[in-house]
Amino acid sequence: MIHTTIDQVGIEERVARLATRSIKTSAKLAGLKLALSMIDLTTLEGADSAGKVRAMCTKARYPLPGNSDIPSVAAVCVYPNFIAEAKRQLTGTDIKIASVATGFPSGQYPLSIKLTDVRSAVQLGADEIDMVIDRGAFLSGHYRKVGDEIAKVKEACGPAHLKVILETGELGTYDNVRKASWLAMEMGADFIKTSTGKISPAATRPVTLVMLEAIRDFWYETGKMIGMKPAGGIREAKEALRYLVMVKETLGDMWLNKDYFRFGASTLTNDLLMQIMKEMKGNYQAGEYFTID
Amino acid sequence: MSSAVSLQISKPIQFFTSEYALLRNMPVCAVRIILSPPYEFMTKQQKVTQPHLEVVKTRQLLFGDLWDYAPSLEKPDHVKLKKHYDLFIDGKFVPAKSGKTFKTINPANENVLATVSEAGEADVDHAVKAARRAYEKVWSKMKPTERAKYIYRIARMIQEKARELAIIETMDGGKPIRESRDIDLPLSAAHFFYYAGWADKLEYAFPGRQAKSLGVAGQIIPWNFPLLMASWKIAPALACGNTVVLKPSETTPLTSLHLAEIIQEADLPPGVVNIVPGFGKTGAMIVNHADVNKIAFTGSTEVGKIIHKAVAGTQKHLTLELGGKAANIIFEDAPIDQAIEGIINGIYFNQGHVCCAGSRLFVQEGIYETVIRKLEDRLQTLRVGDPLDKNTDVGAINSREQLGKICELVESGVAEGAKLHQTNCSLPEKGFWFKPSFFTDVAQSHRIAREEIFGPVLSILTFRTPEEVIEKANNTPYGLSAGVWTDKGSKIFKIVNKMRAGVVWANTFNQFDPSSPFGGYKESGFGREGGLHGLKAYVELI
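This is a predicted model, so every value here is computed, not measured. (Residues numbered from 1 in each chain as written. Chains lettered and ligands numbered in written order. Predicted model: local features only at pLDDT ≥ 70, side-chain atom pairs only at ≥ 80, totals over all residues.)

(A) Inspection of the sheet that holds strand 3 (residues 84-85) of chain B at higher detail. Residue and element names in this part refer to chain B. Strand order in the open sheet made by the three strands is 3-7-6, with mixed pairing throughout. One side of each edge strand has no neighbouring strand; the edge strands of this open sheet are strand 3 and strand 6 (101-105). Looking at chain direction, strand 3 and strand 7 (residues 112-117) are connected through two bridges and run parallel. Among the inter-strand pairings, H84 is bridged to a residue of strand 7, identified as T115. (Pairing = 2+ DSSP bridges. Helix = DSSP H or I, 4+ residues; strand = E, 2+ residues; numbered from the N terminus.)

Following this line, the structure appears as structure tokens:
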């Protein structure tokens, strides 16, 4: 393993530097479309209902009705109760169904319940499982417990892809983010993901860069490509492009697709659509032209 | 190769290959099969155990054009470049008495930007006389609070015209607009602001002593940071009550002359600042002028030595800021990804035209392979090209002459046995360009490890222990700067105290601030610029 620490000042400087990239004209339009195709359209509310999920699935398929060159999003992300509904809506499309599991968002449940949660989600038809790590155990240094849980969840996932949510907003330091990333990758994560969206701060660019660099080092060591998913707090198209710049200049072209990079977001979709239309038509359209689902 | 051997290699290759690469038929890694002894001479047992794979080229990340940045040019349309620039003497723009002019070009495309009057003996004399008169009659007698106001005004006007000046700096010198916009210009203004603050507080700078101005300061500046070097020199000189005759480099005179316009607009009394463009011989005329009290020079060690000899035995004060061959030291416990950025910033910043560039990299052996691999990948992401493109990281080499020097030293490195690594980028056809490069397998005795290349070329050496690296790092005639990378605080203090270098950066590199002194040990010069220490070079303490 490439053991390394993270210098806070250095990583933040690098992020600021990458944010000065000027993305214009054709690069902007291509970037916006790429970002849209990488979205995990998410609803994770206590008030979620089948109706809400149905509406979101329609949005996922046709983000901008009547525009055939606008890509659909990568996946929808729902609570286990709505996997079946999402499945009904999305059968026949290549949009994946992601479900949170393992006692989301806290992860403070016995392992047996977490595993049951995962198995049932997979049985209901989830293609991807977004698990949370036990941050309490991680912060008290019980890395083996955290690692074992990830490995067991991975086993329970069977064919489903596993995204491991580190909840970086609770980890406190970049060093911890790096450590947790490495642990998750070694224990079988297919993706590592920043946040549940329930804790502030959620995804930040410096945290994402730390994770992208960990993914790179893991690839150097093993040749295995791990995906990255920043989630929560990314609301603007401009911000999404800054994330893509980080991916492009850290991991390169191999990661610039929805198989290896995702945005966990909901409101971001409409801003991307608005900016795409602006690039295509030359002027901004009113918010009312974009559906709120 | 026998089929028995290919059976041996099938598994490891699977292990090293990523699914993505296989699908796209990309090269993943190159391997060499080592047979010892040759296959036909092996015993049966050896045939099973002996052949092994050696990775001769590791998998590399793919930095292609899947999502390429479109050109994003900082448009020079609004910049008012004149066709011809005159000397600035005694508050007025005047042609050279000889009528001589020279051309200044854009090194990125070799287009002529303007012609510039070349100062000769009579012009330098005229400038020194004007400076003397302004010193005696006005500037040295002015209340320090009033002097400060003028300096503040210059700072504010630099800020107001920052965008225009940044574009001119980039066109005349070849540096990326991102750097002139984000570094040169803000720092230039910051130096004037900083020293404006000192003008009426000199008695606090030197408690118990009286600080007296020196008189006329002759200042000769290089082409790597034209406006910034002018600011480093002019601001403290004015704050301390001196007047100035400044010679910018022949390849980058334009921003100094635009600064002259600002100075004129700021209504600075005539003669307080005079700007006399020219070549080395104009510089020599300033150095040898009998009525100059102080020489401040930034440039090569070679010229510095000539100047040092020239002022010997005169009353002239002297400060020299000369070349460097900084050691950038990476320990095993360093934050590696940030250190990689520090290495990149240390050597490729401003095309390596930086006297304090981290041009000798010392990597502790335990992380050597990791660092080289990361550097190779990082090098591919450097964007080389049009300096006016906001996404350009590395611009044009400042002049044909400098490009020749870089090429000559790089050739010597290859000839002496070091291994050259370069980016795959393509270079523009016109103009002066050099691919960002680094050398591995460098020995202390190679020229590329001893001499200042002053270009985007890094020499990488290794070490095993702190004692070894201290000895190697100090084993150079230069001593301008150094860098240390480790997560361990105690190690930082131990190493920095043993570095014979004027500036030592810890876990960062190439950081500048007007409040921080800058200057060298040994053949990197003497005297300090910036900070409280920078005042001392422009006063006599009584």
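(B) Broad picture of the pairing of strand 6 of chain B. Residue and element names in this part refer to chain B. Sheet topology places strand 6 next to strand 7; five bridges connect them, and they run antiparallel. By the bridge assignment for strand 7, F102 is matched with V116. The hairpin formed by strand 6 and strand 7 contains six residues between the paired strands, and E110 there has a positive phi angle of roughly 65°.

(C) View of helix 2 (residues 25-37) of chain A. Residues and elements named next belong to chain A. With 13 residues, helix 2 ought to run about 18 Å at 1.5 Å a step, and its terminal C-alpha atoms sit 19 Å apart, in line with that. Along helix 2, the residues classified as buried are A27, K28, G31, L32, L34, A35 and L36. Taken together, the buried residues of helix 2 touch strand 1 (39-42), helix 10 (237-250), strand 8 (263-265) and helix 11 (268-281). (Expected span 1.5 Å × (residues − 1). Buried ≥ 20, exposed ≤ 12 C-beta atoms within 10 Å, placed from the backbone. Contact = placed C-beta atoms within 7 Å.)

(D) Focus on the confidence of the model for chain B. All names here are of chain B. Averaged over every residue, the pLDDT of chain B is 92; residues scoring 70 or more account for 90%. Here residues 1-19 is modelled with pLDDT under 50, and outside its nearest four sequence neighbours on either side it reaches 23 contacts, counting other chains as well. What the predictor reports for the complex is a pTM of 0.92 with an ipTM of 0.95. (pLDDT = per-residue confidence, 0-100.)

(E) Focus on the nonpolar core. A35, V76, I129, V164, I192 and A240 of chain A are the most contacted members of the largest nonpolar core, which has 100 residues in total. In terms of nonpolar packing, the next biggest core, distinct from the first, is built from 85 residues, A119, W139, L165 and L535 of chain B among them. (Core = buried A, V, L, I, M, F, W, Y, C linked by C-beta atoms within 7 Å.)

(F) Local environment of helix 14 (residues 368-380) of chain B. All names here are of chain B. Taking 1.5 Å as the rise per residue, helix 14 with 13 residues should run 18 Å; its terminal C-alpha atoms sit 19 Å apart, in good agreement. By the burial criterion, the buried members of helix 14 are V371, K374, D377, R378 and L379. Buried residues along helix 14 sit against strand 14 (327-330), helix 13 (336-348) and strand 15 (360-364).

(G) Region of the structure containing the pairing of strand 14 of chain B. All names here are of chain B. Burial of strand 14 is two-sided: the residues A327 and I329 facing one way and the residues N328 and I330 facing the other way are all buried. You can see the chain leave strand 14, run along helix 13 and come back into strand 15, and the turn it takes is right-handed. Sheet topology places strand 14 next to strand 19 (residues 481-485); four bridges connect them, and they run parallel. Within the sheet, the bridge partner assigned to I329 lies in strand 19 and is V484. (Right-handed = clockwise from strand over helix to strand, strands pointing away.)

(H) Structural detail: the sheet that holds strand 17 (residues 437-440) of chain B. Residues and elements named next belong to chain B. Reading across from one edge, 16-17-18-15-14-19-20 is the order of the seven strands in this open sheet, with mixed pairing throughout. Every interior strand has two partners, whereas the edge strands, strand 16 (419-422) and strand 20 (503-506), have only one. When strand polarity is set aside, the average angle formed by the axes of neighbouring strands in this sheet is 20°. Bridge count between strand 17 and strand 18 (residues 457-463): three bridges; the pairing is parallel. Bridging across to strand 18, F438 finds its partner in L458. (Axes fitted to C-alpha atoms, helices over the stretch in contact; angles between N-to-C directions.)

(I) Layout of the interface of chain B and chain A. Each side of the interface is counted separately: chain B has 29 residues, and chain A has 31 residues. In terms of residue class, the side of chain B that touches chain A is made up of 12 nonpolar, nine polar and eight charged. (Nonpolar A, V, L, I, M, F, W, Y, C, P; charged D, E, K, R; others polar.)

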